[in-house]
Structure formats: C-alpha cells, structure tokens
Amino acid sequence: MAGHSDSSSSEKKSGEAMTDVPTFSAENLQNNMKVIYYSRTFMSITGGVIAGIFGFTGFVGFIFYFLVMTITSIGLIAKAKFSVHSYFDSWNRIILDGLMGGLMSFVLFWTFAYDIVHIF
Amino acid sequence: MGLGFIVGVFGVLILSHAAYSTIQYRGLLKIMEEEFSGPPMNVVLELLLGFVFCIWAALTVPGNFHSIHPDSEENRIVSLSANLDFMIFNHRAKAFPLEIEMKLKH
C-alpha cells in the first residue's frame, strides 16, 4: 500500500502521461533556488562595496557588476558539480535568476561605499 | 557552515580594512594636493583577497544543493508532513500496560 504508491510529501510535477516526462521534486528545486538567491545577494553586496572602494563611476561600475555576476554564476555551476540538470530544470535558473534584484543591492552598496570612502 | 561563516566574516573585515586604508590614502593625497587615480597596490591586493574570501563564503554558507531527481540516492527516504491528518494513534501500543501502573507495581 504505502510502499508501492508513488505519493510522497515532496510535490512532483509532471506533464502528459504519453511520453516519458521528467518529474522532479519541486521542494528541492525551491531549496536550490533559495541557495542561489542568497549567494547572489551576498556577492552583489560585496561587489558593490569593492566597486565603491575602487572609485568606479558610471558605466565601468555596471561592467564590474556583470563581471562579478559572471564569476558568481561560474562558482554556482561549479558548486553544482557541472551537472546542472540534476539540480535544476533549466539553465536559465542558475544563470539569470536574481540578476536584477542583485543589481539594486549592488548600486545601493556601491553608492554607500563610494560616499564613505571618497566623499566624507 | 561554521567555517564558511568565519571565512565570510574575515572577508568582510579585510574589505573594511581596505576601505579604511583608502580613506587614509585620500587624506594623504589631499595634503600633497594630488589627484586620486586609484587605490594603492596593497589596497588592491587586499580587495582581491577579501573578494576571494567572500566568494568562498557566498558559495558555502547558504547550504548545499539537493538533487531534484526522485530516484537519486539521497531522495530515497520520503516522509509525510507532520500533519495531524496523518498521525495514527490506534496502534498496537494500547496492548502495553499503562506507564503509571508499571511504576506503581515497581
């Protein structure tokens, strides 16, 4: 009864029953997304502080932000041991998620650090 | 988690020390009336070191990735939520004598 049925607390998503569709545990996917979000936010803040200390102004700072985000993405992919599909359902999640929210944090801490170091 | 946290705190301390050094450097430049073109080399090295520490902490502290395949090794044990609907109280333990009676007989 309980041993043979496929029900479990981790909610599963699946498509049509005709083809062999991949099911995955959405609860674990959510946990992985949370980990990515925390990592990206912390790296955005760190990148902002570094950009402020360096004294970047204007466009160069945004270039620096995308550089930091690329390094973070590479780090996250390395953390997933390069087999992204066993932890996420698509590449977009690990590369693009949290990019715009991180931009806000980056600009905030960039102006903050720049003000502290260069103006006051 | 503990080690990653300490490394992260260390990275933040290094970054704040680099900020303080840059503030002092700017004060020095004001006295000598020169333009600020970039932080000195040792500050750049400190920033790089702090950045590396922070990257390491950002990747280790938030937690591990869990596999999403339902048939992978670490997903084999599934547990129902601790919900009242699934709790069973009508089981064999009612055949045991009550705890109070056992203590009194002792």
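All chains use their own residue numbering, which begins from 1 and follows the written sequence. Here every chain gets a letter starting at A, and every ligand a number starting at 1, in the order they are written. Restriction of local features to residues with pLDDT of at least 70 applies here, the model being predicted, together with a cutoff of 80 or more for giving and counting side-chain atom pairs; totals for whole chains, interfaces and linings are based on all residues. Hydrogens and waters are ignored; side-chain quantities use all the structure's heavy atoms.

Visitor: Describe the environment of Asp85(B), with residues and values.
Guide: In this structure, Asp85(B) sits in the loop between helix H2 (41–60) and helix H3 (99–105). As a C-alpha pair, Asp85(B) and Leu104(B) span 19 residues in sequence and 35 Å in three-dimensional space. A run of H or I in DSSP becomes a helix once it reaches four residues, and a run of E becomes a strand once it reaches two; helices and strands are each numbered from the N terminus.

Visitor: Describe the side chain of Asn28(A), with residues and values.
Guide: By secondary structure assignment, the location of Asn28(A) is in helix H1 (residues 26–54). Only protein chains enter the accessibility calculation, which uses a 1.4 Å probe. A residue is then buried if its area is under 20% of the maximum for its type, exposed if over 50%, and partly exposed in between. Judged by relative accessible area, which is 11%, Asn28(A) ranks as buried. Counted as a polar contact is a pair of N or O atoms within 3.5 Å, where, for protein atoms, one must be capable of donating a hydrogen and the other of accepting one, and residues adjacent in sequence contribute only when both atoms are in side chains. Side-chain polar atoms of Asn28(A) contact the backbone oxygen of Ser67(B), separated by 2.9 Å.

Visitor: Would you mind going over the UniProt feature "transmembrane region" (unreviewed entry) in chain A in detail, with residue names and values included?
Guide: UniProt positions are given in the numbering used here, feature names are shortened, and annotations may be inferred rather than shown by experiment. When the UniProt feature table is mapped to this numbering, "transmembrane region" (unreviewed entry) covers residues 94–114 of chain A. Taken end to end, residues 94–114 of chain A has its terminal C-alpha atoms 30 Å apart, with 90% of it in helix and 0% in strand.

Visitor: Go over the environment of Ala51(A), please, and point to the residues and values.
Guide: Residues and elements named next belong to chain A. By the element assignment, Ala 51 lies in helix H1. Under the relative-accessibility criterion, Ala 51 is labelled buried at 0%. Taking the C-alpha atoms as reference, Ala 51 lies 8.8 Å from Phe 109; in sequence the two are 58 residues apart.

Visitor: So, the nonpolar core: which residues are in play, and what are the values?
Guide: Buried residues of nine kinds, namely Ala, Val, Leu, Ile, Met, Phe, Trp, Tyr and Cys, make up a nonpolar core once their side-chain atoms join them within 4.5 Å. Formed by 37 residues in total, the largest nonpolar core has its most connected members in Met43(A), Phe88(A), Ile94(A), Leu47(B) and Phe65(B). At the level of elements, H1, helix H2 (59–79) and helix H4 (99–119) of chain A together with helix H1 (2–32) and H2 of chain B are the ones that each hand at least two residues to this core.

Visitor: Break down the packing of H1(A) against H2(B) for me, citing the residues and quoting the values.
Guide: In this description, a line fitted to the C-alpha atoms serves as the axis of each element, helices being fitted only across the stretch in contact, and the angle between N-to-C directions of two axes falls anywhere from 0 to 180 degrees. One can describe the packing of H1(A) onto H2(B) by two numbers: an axis separation of 9 Å at closest approach and a directional angle of 170°. By the criterion of interaxial angle, the relationship of H1(A) to H2(B) is roughly antiparallel. Residues Ser39(A), Phe42(A), Met43(A), Thr46(A), Ile50(A), Ile53(A) and Phe54(A) of H1(A) lie in contact with H2(B), whose contacting residues are Val44(B), Leu47(B), Phe51(B), Cys54(B), Ile55(B), Ala57(B), Ala58(B) and Leu59(B). Tallied by class, residues from the contact of H1(A) with H2(B) come to 13 nonpolar, two polar and no charged. Roughly parallel here means an angle under 35 degrees, roughly antiparallel means over 145, roughly perpendicular means 65 to 115, and every remaining angle is called oblique. Only heavy atoms matter for contacts: two residues are in contact if any of them lie within 4.5 Å across the pair. Amino acids are sorted into nonpolar (Ala, Val, Leu, Ile, Met, Phe, Trp, Tyr, Cys and Pro), charged (Asp, Glu, Lys and Arg) and polar (every other residue, Gly among them).

Visitor: I'd love a proper account of the environment of Val43(B), names of residues and values included.
Guide: Residue and element names in this part refer to chain B. For Val 43, the location among the structural elements is in helix H2. Each C-alpha atom of the pair Val 43 and Thr 22 lies 7.1 Å from the other, and the pair is 21 residues apart in sequence. If we ignore the near neighbours within four places in the chain, the residues touching Val 43 are Ala 18, Ser 21 and Thr 22.

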